[in-house]
Protein chains: 2
Amino acid sequence: MKTKNPQKESRSTGTVTMLDVAEYAGVSAQTVSRVVSNSSLVTDKTRRRVEEAIQALRYIPNEAARSLASASSRVVAVIIPTLSSTAFAAEVKSVIDTLEPHKISVIIGNTEYSQEREEAIVQSLLERRPMGVILTGLQHSAKVRSLLQESGVAVIETWDTDGEPIDMAVGFSNFTAGYDVGKLLCGRGAKQIAFVGGASTQDSRAQSRYLGLCKAVKEAKLPAVLRVELQLPMNASDGVRGLDEVLRDAPMTDAIFFSADTMALAAILECNRRGIKVPEQLAICGFGDYELAAMITPSLTTVRTKPDEMGATAAQMLLARINEVEDAATKIVLTHQLVRRGSA
Amino acid sequence: MKTKNPQKESRSTGTVTMLDVAEYAGVSAQTVSRVVSNSSLVTDKTRRRVEEAIQALRYIPNEAARSLASASSRVVAVIIPTLSSTAFAAEVKSVIDTLEPHKISVIIGNTEYSQEREEAIVQSLLERRPMGVILTGLQHSAKVRSLLQESGVAVIETWDTDGEPIDMAVGFSNFTAGYDVGKLLCGRGAKQIAFVGGASTQDSRAQSRYLGLCKAVKEAKLPAVLRVELQLPMNASDGVRGLDEVLRDAPMTDAIFFSADTMALAAILECNRRGIKVPEQLAICGFGDYELAAMITPSLTTVRTKPDEMGATAAQMLLARINEVEDAATKIVLTHQLVRRGSA
DNA sequence: TTGTACGCGTTATCAG
DNA sequence: CTGATAACGCGTACAA
């Protein structure tokens, strides 16, 4: 015989449930469910009664129960190298803001540029059965790929379009961006160009920019690019470090492409301090178009990407997939823009 | 009679469940549960067998089901004004990194400095039955307070300790920080001081700093502080805007306290451009000690807070509460530090 | 150490 | 338009 005692031998957590609301309003639990999920099949009158009951009892739906019963989670995971980068933070913010009206929460994973951490994070996040996973870049371990593909979640890779996505992708061509910078630097007469960025194996996007740069340099028949690898994640002081390494290893260098604006800005400030004339003696180009890039003297030549547009687009692609939109795009290439200012 | 057909008239989602693993391994579902949750009451031999089954079937536990059954969610919510601020981003990152080893996910809410948005976010987040909620500041609407208190979640308020927390708090005294800046500026001979920050009603932490500044100014018997209110969220260009407003409304101003370093940095760059000598003609003080603060010329005098330590501490306080640690602290005041550099 | 029975709070399904 | 019933996948409690 089934237990019909609501309060007796139950494990009740003591919180207000749909059943409580239903009793109070004199309807069935199912009707409460319909009201909560905004189903149209409810009379205005009953709806009002139920809403009053909800207010009176301060009922708060239980998302875990809804998830379990409906097999759908209202959660999206965003996995980025680090939230310390303003670019990634801006992307994430945009994803959150786009998804919030849909009552979809965003869970963040920081990989610290480590593939092992990415694996661990993906594995653990999948337990939440997210509606989608937004990754950074197109380079992931075989395990991450298979984990994601077998789970069947929607996957969106961001920040890069030079390659084949697991599922969907939105970003820009880092290779082309690097090539553009190369053309600019060569065009303005640079003879010896250096690139400062993270380890090639860890940041494949920066690596693509480097390769694009190399292509332009080769076309201009200039000597090979000096590549300075710094440990990720990089910060402003790495800009000074990078500058030092370049000037030590190749004193004749007359142009540096930094893989992030923070470093480029720090390098400009350091050059100003040391009396190195930018861009006359040393041209400097950054990446990201941070806020201060336009304000510093000399102002920083850089590449503008659109982290927030990327985040919003990624979120919308996810929504389209969830809503089973027919002609939804599967790969979106955003434009980047070479912003020429005073430093190069 | 109960339905015993596992695959027939079930709503089966087609995914691998504990029961599948149990059958495969020839044990009961409960034993699988024990293995997954690392219970010690399992023979090494059975454990291995179960683990093989898990591998073979690629079983991924369902967090929603676990949450529902155990009435506990492994989720913590962090609500901040905006992820665009590097300080908040750093705090959040720290929370995530501290909680990740415990398999607790972090959900972020952006209020954009709006109390209504905060209400909506809290309301909707509570459906996930988070283990804790981390808020920014001590000022919240009555609805947010009651919502939180009635739900019984652990609440941690950050970034401010000048007031009474709902539950727990970790931060520093913005008032004292402002006072310290005031003492410094007065001490170095400023006669007319200005403060540039967000609307007093929206950013009560900046408001506290302003009040602290005023106290020091009053003690020094100087004329009242000019307060320039900018629209939140503020960015670097607001630094120039603030500078302009100050010089227009009170041209005799010889010291400005900006409520964030980004603005202060932009103001210094602008002064350099205009030939305004910092600090001789105009002393400038920031808040936050951003990376570039030490690198700019003149280097920026500012207040160093510790967003990452704050995030980590908040997370640890939450863990302590969850683990029912007896003597757990309920209010932690971190030190801030006035970093005197070249600009003031 | 392992297994059995049942409930967690909601939605899907179908009958009325 | 509303209600009854049976899952959803797992942990708790207790028995063996």
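Residues numbered from 1 in each chain as written. Chains lettered and ligands numbered in written order. Predicted model: local features only at pLDDT ≥ 70, side-chain atom pairs only at ≥ 80, totals over all residues. Heavy atoms only, no water.

## Observations regarding the nonpolar core
Then comes step 1: Core analysis: the biggest nonpolar cluster contains 157 residues, and Leu83, Leu185 and Ile284 of chain A together with Leu83, Leu185 and Ile284 of chain B have the highest contact counts within it.
Then comes step 2: Setting aside anything within four residues of it in sequence, one finds Leu185 of chain A in contact with Ala190, Ile193, Leu213, Ala255, Phe257, Ala283 and Ala344 of chain A.
Then comes step 3: Among the nonpolar cores identified, the runner-up in size contains 34 residues, and Ile60, Ala77 and Leu148 of chain A together with Leu125 of chain B belong to it. (Core = buried A, V, L, I, M, F, W, Y, C linked by side-chain atoms within 4.5 Å. Buried < 20%, exposed > 50% of the residue type's maximum accessible area, 1.4 Å probe, protein only. Contact = heavy atoms within 4.5 Å.)

## A word on the packing of aromatic side chains
All names here are of chain A.
Then comes step 1: On inspection of all chains with the given rule, the structure shows ten aromatic pairs over all chains.
Then comes step 2: Pairing Phe195 with Phe257 gives two aromatic rings, centres 5.5 Å apart and planes at 75°, and the pair type is edge-to-face. One end of the pair, Phe195, is in strand E6 (residues 193-198); the other, Phe257, is in strand E8 (residues 255-258), with 62 residues separating them in the sequence.
Then comes step 3: Taking the relative accessible area as the measure of exposure, Phe195 reaches 0% and is therefore buried.
Then comes step 4: Here Phe257 falls in the buried class, since its relative accessible area comes to 0%. (Phe/Tyr/Trp six-rings, centres within 6.5 Å; stacked < 30°, edge-to-face > 60°. Helix = DSSP H or I, 4+ residues; strand = E, 2+ residues; numbered from the N terminus.)

## Side note on the side chain of Thr136 of chain A
Residues and elements named next belong to chain A.
Then comes step 1: Examined against the element boundaries, Thr136 turns out to sit in strand E3 (residues 132-136).
Then comes step 2: Separated by 2.9 Å, the side chain of Thr136 and the backbone oxygen of Ile79 make a polar contact.
Then comes step 3: Ignoring any residue separated from it by four or fewer positions in sequence, one finds Thr136 in contact with Ile79, Ile80, Pro81, Phe88, Thr158, Trp159 and Arg205. (Polar contact = N/O pair within 3.5 Å; in protein donor to acceptor, adjacent residues only side chain to side chain.)

## Things to note about unusual backbone geometry
All names here are of chain A.
Then comes step 1: Cis geometry is found at the peptide bond from Leu232 to Pro233, where omega equals -10°.
Then comes step 2: Mapped onto the elements, Pro233 comes out in the loop between strand E7 (226-230) and helix H10 (236-249).
Then comes step 3: Of note, Glu112 is a non-glycine position whose phi angle comes to about 55°, a positive value.
Then comes step 4: Here Arg129, not a glycine, exhibits a phi torsion of approximately 50°, which is positive.
Then comes step 5: Topologically, Arg129 is positioned in the loop between helix H6 (115-126) and E3.

## A short note on the sheet that holds strand E6 (residues 193-198) of chain B
All names here are of chain B.
Then comes step 1: Within the open sheet, the four strands sit side by side as E7-E6-E8-E9. Their pairing is parallel. The sheet is open, and its two edges are formed by strand E7 (226-230) and strand E9 (283-285), each paired on a single side. Across the sheet, the mean angle from the axis of one strand to that of its neighbour is 20°, orientation sign disregarded.
Then comes step 2: As paired strands, strand E8 (residues 255-258) and E9 are joined by three bridges and run parallel to one another. (Pairing = 2+ DSSP bridges. Axes fitted to C-alpha atoms, helices over the stretch in contact; angles between N-to-C directions.)

## Some remarks on the sheet that holds E6 of chain A
Backbone hydrogen bonds are what pair the strands of a sheet, in a parallel or an antiparallel way.
Residues and elements named next belong to chain A.
Then comes step 1: The strand order E7-E6-E8-E9 describes an open sheet built from four strands, whose pairing is parallel. What marks the edges here is a single partner per strand, and that holds for E7 and strand E9 (283-285). Averaged over all adjacent pairs, the angle separating strand axes in this sheet is 20°, with direction ignored.
Then comes step 2: In the packing of helix H9 (residues 204-219) onto the sheet, the strands contacted are E6, E7 and E8, and the crossing angle to E6 comes to about 170°.
Then comes step 3: Sitting on the sheet, H10 is in contact with E6, E7 and E8, with an inclination near 145° to E7.

## Regarding the relation of the copies chain A and chain B
Then comes step 1: By a simple turn and slide, chain A fits onto chain B: the slide is 0.0 Å along the axis, the RMSD is 0.1 Å, and the turn is 180°. The transformation relating the two chain copies, once decomposed into turn and shift, fits a two-fold axis.
Then comes step 2: Residue by residue, 100% of the interface of chain A is reproduced at the interface of chain B, so both copies engage with the same surface. (Least-squares fit on C-alpha atoms with pLDDT ≥ 70 in both.)

## Quick notes on the interface of chain A and chain B
Then comes step 1: Contact with chain A, which involves 58 residues of that partner, is made by 58 residues of chain B.
Then comes step 2: When the buried area of chain A at its contact with chain B is split by residue, Glu127, Arg128 and Met295 of chain A rank highest and sum to 14% of it.
Then comes step 3: Viewed at the interface, chain B and chain A are joined by twelve salt bridges.
Then comes step 4: For Arg117 of chain B, the salt bridge identified is with Asp97 of chain A, shortest N-O distance 3.9 Å.
Then comes step 5: Put simply, the parts of the chain that give the side of chain A that touches chain B at least two residues each are helix H4 (63-70), helix H5 (86-99), strand E2 (105-110), H6, H10 and helix H11 (261-274) of chain A.
Then comes step 6: No other element matches H4 of chain A, which puts seven residues into the side of chain A that touches chain B.
Then comes step 7: Grouping the amino acids of the side of chain A that touches chain B by side-chain chemistry returns 28 nonpolar, 13 polar and 17 charged. (Buried area = accessible area lost by both parts, 1.4 Å probe. Salt bridge = Lys/Arg side-chain N within 4 Å of Asp/Glu carboxyl O. Nonpolar A, V, L, I, M, F, W, Y, C, P; charged D, E, K, R; others polar.)

## Structural notes on the UniProt feature "domain: HTH lacI-type" (unreviewed entry) in chain A
Then comes step 1: Listed under "domain: HTH lacI-type" (unreviewed entry) in the UniProt record, and renumbered for this structure, are residues 16-70 of chain A.
Then comes step 2: The span residues 16-70 of chain A carries 69% helix and 0% strand; its end-to-end C-alpha distance comes to 20 Å. (UniProt positions renumbered as here; feature names shortened; annotations may be inferred.)

## With respect to the pairing of strand E2 (residues 105-110) of chain B
All names here are of chain B.
Then comes step 1: For E2, a buried count of six out of six residues is recorded, marking the element as mostly surrounded by other parts of the structure.
Then comes step 2: Side chains Ser105, Ile107 and Gly109 project from E2 onto one buried face, and the interleaved Val106, Ile108 and Asn110 project onto a second face that is buried too.
Then comes step 3: As paired strands, strand E1 (residues 75-80) and E2 are joined by six bridges and run parallel to one another. Bridge assignment links Ile80 to a residue of E2, and that residue is Asn110.

## Digging into the pattern of salt bridges
Side chains that differ in sign of charge can pair as their charged atoms come close.
Then comes step 1: Scanning the entire structure with this criterion turns up 40 salt bridges over all chains.
Then comes step 2: Taking the shortest distance from any N to any O, the salt bridge between Arg66 of chain A and Glu63 of chain A comes out at 2.9 Å. Separated by three residues within a single helix, Arg66 of chain A and Glu63 of chain A lie in helix H4, roughly one turn from each other.
Then comes step 3: Residue Arg66 of chain A is classed as partly exposed on the basis of its relative accessible area, which comes to 22%.
Then comes step 4: For Asp244 of chain A, the salt bridge goes to Arg274 of chain A, with nearest N and O atoms at 2.7 Å. Residue Asp244 of chain A is located in helix H10, and its partner Arg274 of chain A is located in helix H11; the two are separated by 30 residues in the primary sequence.
Then comes step 5: Through salt bridges with shared partners, one network takes in Lys93, Asp97 and Glu100 of chain A together with Glu112 and Arg117 of chain B.

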